[in-house]
Amino acid sequence: MQKRRLASGGIIDRDEKLYFGFNGRQYEGYAGDSLASALLANDLSLIARSIRYHRPRGILSAGLEEPNALVNCADQHGVFVPNLKATEVKLTQGLEARSQNCWPDVTLDIGALLQRVSALLSAGFYYKTFMWPQQWWHRVYEKLIRRAAGQGRVSTGTDLKRYDRRNAHCDLLIIGSGPAGLGAALAAVAPATNAEISIMLLEQDHVAGGSTLWERCEIDAMPARQWREQALASLAQKPNIRIMCGTLAFGQYDHGQVRAIQRVAASVDSISWQIRAKRLLLATGATENPLVFPTNDRPGIMLASAVRHYIHRYAVVPGRRALLAITDADEAGLTHEALESAGIEIVATLQPGEHIVATYGLQHLSAVGVINKSGQGRRIRCDLLCVSAGWNPNAQLLAQLGAQLDFEPSTGSLLPPAQAGITLTSGACRGLSAMQDCMLDGRLQAQQAIAQIKQQTVADIELPEIVRCASVTSSKPVLSDVFHDGRGQAFVDLQNDVTRADLEQAVSEGYDHVELAKRYTTTGMGTDQGKTSWVNAIREMTRITGQESSMLGHTTFRPPCSPVSIGALVGADVNRHMAPLRQTPFHRDFADSACVFQTSGDWLYSRYFPLADESMEQAIRREVLAVRSTVGCVDMSTLGKIDIKGGDALEFLTRIYCNNLDGLEQGRLRYALMLREDGILFDDGTVSQLGPQHYLVTTTTANSAAVWRSMNKLAQLRWPSLDVQLTSVSDHWASLAIAGPKARALLAALNPDFDVEREHFPYASVRQGSLGGIDCRVFSVSFSGELSYEINVPAGFASALYQRVLEGGVEFGITPYGLEALDVLRIEKGHLSVGSEIDGRTTPADLGLGKLVSTRKAFIGSSLLQRPALQQAGRLQLVGLTATDGQSQIPPAAHICEQTWQPGQSLRSQGKMSAAVSSPTLGYSIALALLENGQQRWGEKLWAVSPLTRQSVEVVVGASCFIDPDGSRVRG
Amino acid sequence: MPAVSSTLMGVESVADLVYRQAATSHTTSRTSKSGLTLDEIETRYLWSIQASRKHDLRAFARTVFGEALEFGEMLGADSTRLLHLWPHKALLLCAQPELPDSSRPFSSMLTDVSHGLCELGLGGEQAFEFLACYSSANPVQTRIHETRNLRCLFGQYQVTLWWDQRDDIRILIDRSYAQSFCDYFEHLLQRWG
């Protein structure tokens, strides 16, 4: 039974009844209702409790600007979403909503006791309290604050909604479908010459029309609603305009980009749009400001336009006895008419000079105390107070790009310019009030926008003159009419419970700048983003500080202009689609081999290959021992590979790498180091000569993109005169390394068309040919510290190669191994890894590779490598560590200190661990570390200290190579 | 110019034939309401052509294709295409492993990248619209519409596109990303409706 529903009227579908729940009870409404209108229709006015004082709150407005009626609503998956405004929630069948910020119930809330201590909770109280006794902070205060703070509770379950993110482009983007927006759209599509102009019209409401849906005004000599229907019918015939309702434009960014969220109810719950337009036309209307008077927050106090909205659009009666407190005569007239049409008794209209000094009623307004110019007071019984202190343009989207809004004293509002950059404003958004004026203004601004668009291609098109705002004839509020004095809290910001007293206190404490006052009092920092509070806050600060409003300015507007969910912003890029994932050409074969994969940067990389019931540690140990004793195979496809050709290819490489490359012959390769401009080691890899003026460079996986970019930049910008061509072949070649004492024998078994014997295929060389019919390049190079061949084949033949290696390797005990075992092997050998030893702070000399740096040529980084800071004693240098007792596990990521560590103690760190592992080959724990003057401290005993794990292990410093220091195993 | 190997040494049986594996294991659901399909195009041969001091791309295009080629344009027909979407580089697509004799003087400019890229075919009436929604570019823009090729982001994937018809768009993507891209396509289809 909808007690407050009118028998007829409204833009609702009375044939479709909807049932919904609010705080556990069932109610009914109609299709076309918002949750707020349905609640009002069911005579429910107490919706939530305020954030700080837990004061009872009702519905103030009918749109996005709502500060009070915040609810939790369950989505179609039953997950509650907090902080939704009842005014923007579309009523749907089965909707479940709950009041927020109250316990146990909105009608009986324990938190309301805070009102009794409200004097202690003034602005900035948390900066001055909860300090004593100090021990209570963690034990008591923090726990209490965490429970009490914030607005709403987020569900910790998985978000099951389906989101999407899409792009769109258009010539003209119109935001808002009220009189100005629809007028602009009609003007934009009307001329046949505009048929090629693409137009989009966004409307955040689920139906188009804006204020034409509820205002009883006339446009073009017909009722606004009728004009709207005709306009939409006309626009529906035009193929070059796309109208999107339920789409909130929440942010404007550079280069004509607008982001918007479209609520959908099909295969996806919402779509985040990234729209690029040549011109934007804001027809976003204006927001009504409330009056500020003592206890101005009771349920039953509503904005005058909202009252008209609920009566005309939803056929809902917000009250039975109404008092009007409206500063503008036109507004008052419209509201008067609406109330009469709904049969609501108008008990009084506040006259100029009369002030509201108090309101009464426990959980709903029951009376208002008024005082006249002579000081005589009276109490007026009413259950509905219609308030209005003028209008403020919704120009947030324009201000987000830095456009300054000017405080207009005559209207008391922040006005945007007619145009800033590619964005034009129109209608109420630039200060107009009459609906006909708004429509005409939209039409003119659209013509201006179209002319500007066309002028980009046809220069001699004349731009129409931008029309100044039509003059406003009705009276506008003056400051004294907006603020009424009296006893009791007078709220400037309803959502964050900020009162006039709070603003006075902030200014008195020195926070007299708008940005400071905002943060100190939290004015405008709620989910409503100050839409109904900021203008009044500026007015109040003007009074308190005595400054001109124009000098005071406003705070910075940032997107979103109304809250959007993070899920909606992310779109479809969730879970495994959060980022693109790369697979090597061996991936499917490895997956069939029960490989355990891990992500390593962009890549899905083979981690280890467990046999039945093996733990990870067991698998890694087996793989390492297999490589050291027989032969293993590992995927090296992720390394970067760059093909370099041209007459100046060698010169190019010589300038980039610090090694001497002069003697490099065809068929040979060299381990090479690349420095940054500042002399720090950037990357390591190999340079192979494949033919005359033809080289192949390999890079680390981590730096493959960075090295590619760097080389291109050097070739194109720094040395464009060099004859060099670069081609990335990283994905073209699959690379499988076979490593171990039996590697050569296995290579021979693969039927190569070249001699693989040591004297014909020595270490650090490359052969091109075929393996059993598969074109290949084989590099004799080792990362594991064993005899090793990296076999490169075109990626499409990777599977064939892998199968042949497994088949051919059976007699040799072939064992696939992964990244974990590879890391153990390289640590045992003391080979470098990007991110561990190559950490952005080390030079070649620090890592024991100083001899590789050529002294006979200039190269990238050669100058700054000589600076004192990189040459001085005391630098961190690479060393190896072993436990002195031969048994203890060296804690990973430990620091190196002279003493053992005790909890609470401070020690000076002389270095840090870069890698640590329990070596299967050696049978004890080893580590690589960067230690001050490390290379001069071999034999010294120090401590590996890890405060995180509370471990200290005595270690002895030595060489960083633990296996095969003379390289005989590597050379086979 | 080494061709991709199509002859074998020591072939003793059909089992010894070398099999070139597809880059992805993707198959489009043919029951999708949208009618959109994504299929991996069978064996393609691709060369990256880099400009050099000795030869420029225009000279290559004139000699091999008999036409001039400007930046952003595409030449060729059927299964042979030349895409000039990088300032100093072009991509040559062929159905055969051997290049025409006229390209021999330019051999130093060419590098085989046949296995490094995967070509996918996006088909269906809504293919172009789908592409426009998920790519950062504006493919309906006049110039791109005329040149019928484009390099852009599709979601977070870098792709090269070319087409003759709007309902059959070819997508070139790095091989290592191909499977992830196909999975992402199916993921988006669920939202496309």
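The sections below set out a description of the structure shown in this document. These numbers come from a predicted model, not from an experiment.

1. Thoughts on empty space enclosed by the protein
- Inspection of the entire model under this criterion finds 4 cavities of 30 Å³ or more.
- Its volume calculated, the largest cavity comes out at about 170 Å³.
- Forming the boundary of the largest cavity are 17 residues, of which Gln583(A), Thr584(A), Pro585(A), Ala23(B) and Arg175(B) lie nearest the centre.
- Of all the secondary-structure elements, those providing two or more residues to the lining of the largest cavity are helix H16 (587-592) of chain A together with helix H4 (175-192) of chain B.
- The element contributing the most residues to the lining of the largest cavity is H4(B), with 4 residues.
- A breakdown of the residues in the lining of the largest cavity according to their chemical character gives 6 nonpolar, 8 polar and 3 charged.
- One number sums up the size of the second largest cavity: a volume of about 50 Å³.
- If you trace the second largest cavity, you find it lined by Val634(A), Met636(A), Ala737(A), Ala739(A), Ser782(A), Phe783(A), Ser784(A), Ser788(A), Glu790(A), Tyr817(A) and Leu822(A).
- Residue assignment for the lining of the second largest cavity shows that the elements contributing at least two residues are strand E40 (733-739) and strand E43 (788-794) of chain A.

2. Some remarks on the sheet that holds strand E6 (residues 110-112) of chain B
All names here are of chain B.
- Spatially, 5 strands are ordered E3-E4-E5-E2-E6 in an open sheet, and the strand pairing comes out antiparallel. Both edges of this open sheet fall to strand E3 (74-77) and E6, since each of them pairs with a single strand only. Each neighbouring strand pair of the sheet contributes to a mean axis angle of 20 degrees, computed without reference to strand direction.
- As defined by bridge partners, strand E2 (residues 45-50) adjoins E6 across 3 bridges and the pair is classed as antiparallel. When the bridges of E6 are listed, Ile-49 appears paired with Leu-110.

3. Side note on the interface of chain B and chain A
- Contacts between the two partners involve 52 residues from chain B and, on the opposite side, 53 residues from chain A.
- Interface area for chain B against chain A, summed over the two sides, is near 4200 Å², with a carbon-plus-sulfur share of 48%.
- The largest contributions to the chain B side of the interface with chain A come from Gln21(B), Ser176(B) and Arg191(B), which together make up 16% of the buried area.
- Our count for the contact surface shared by chain B and chain A stands at 1 salt bridge.
- Here Asp183(B) ties to Arg576(A) by a salt bridge, and the two come within 3.4 Å at their closest N and O atoms.
- Linking chain B to chain A there are 29 residue pairs in polar contact (both at pLDDT 80 or more).
- Broken down by secondary-structure element, the contributors of at least two residues to the side of chain B that touches chain A are E2, E6, helix H2 (127-134) and H4 of chain B.
- In terms of residues, the side of chain B that touches chain A owes the most to one element, H4(B), which gives 12 residues.
- Partitioning the side of chain B that touches chain A into residue classes produces 20 nonpolar, 24 polar and 8 charged.

4. Let's talk about the pairing of strand E13 (residues 247-253) of chain A
Residues and elements named next belong to chain A.
- With 6 of 7 residues buried, E13 is to be regarded as a mostly interior element.
- In this structure, E13 lies alongside strand E14 (residues 257-263), joined through 6 bridges in antiparallel fashion. Each bridged residue has a counterpart across the sheet, and for Ala-249 the counterpart in E14 is Ala-260.
- Once E13 ends, the chain turns through 3 residues before running back antiparallel as E14, passing His-255 with a positive phi of about 60 degrees.

5. Regarding the nonpolar core
- Membership of the largest hydrophobic core comes to 151 residues, with the highest contact counts inside it found for Leu35(A), Leu173(A), Tyr310(A), Leu385(A) and Phe130(B).
- Broken down by element, this core gets its largest block of residues, 9 residues, from H4(B).
- The residues touching Phe130(B), leaving out its near neighbours within four places in the chain, are Leu36(B), Leu122(B), Phe154(B), Phe185(B), Leu188(B), Leu189(B) and Trp192(B).
- Counting residues in hydrophobic clusters, the runner-up holds 36 residues, among them Ile620(A), Val634(A), Ile680(A) and Ile827(A).

Basis of the calculations
- Residues numbered from 1 in each chain as written.
- Chains lettered and ligands numbered in written order.
- Predicted model: local features only at pLDDT ≥ 70, side-chain atom pairs only at ≥ 80, totals over all residues.
- Heavy atoms only, no water.
- 1 Å grid on protein atoms, 1.4 Å probe; cavity = no way out; pocket = protein on both sides within 12 Å on 5 of 7 lines; lining within 4 Å.
- Points joined across faces, edges and corners; volume = space filled by probe spheres on them.
- Helix = DSSP H or I, 4+ residues; strand = E, 2+ residues; numbered from the N terminus.
- Nonpolar A, V, L, I, M, F, W, Y, C, P; charged D, E, K, R; others polar.
- Pairing = 2+ DSSP bridges.
- Axes fitted to C-alpha atoms, helices over the stretch in contact; angles between N-to-C directions.
- Contact = heavy atoms within 4.5 Å.
- Buried area = accessible area lost by both parts, 1.4 Å probe.
- Salt bridge = Lys/Arg side-chain N within 4 Å of Asp/Glu carboxyl O.
- Polar contact = N/O pair within 3.5 Å; in protein donor to acceptor, adjacent residues only side chain to side chain.
- Buried < 20%, exposed > 50% of the residue type's maximum accessible area, 1.4 Å probe, protein only.
- Core = buried A, V, L, I, M, F, W, Y, C linked by side-chain atoms within 4.5 Å.

Function cannot be inferred from these measures alone, as they are strictly geometric.
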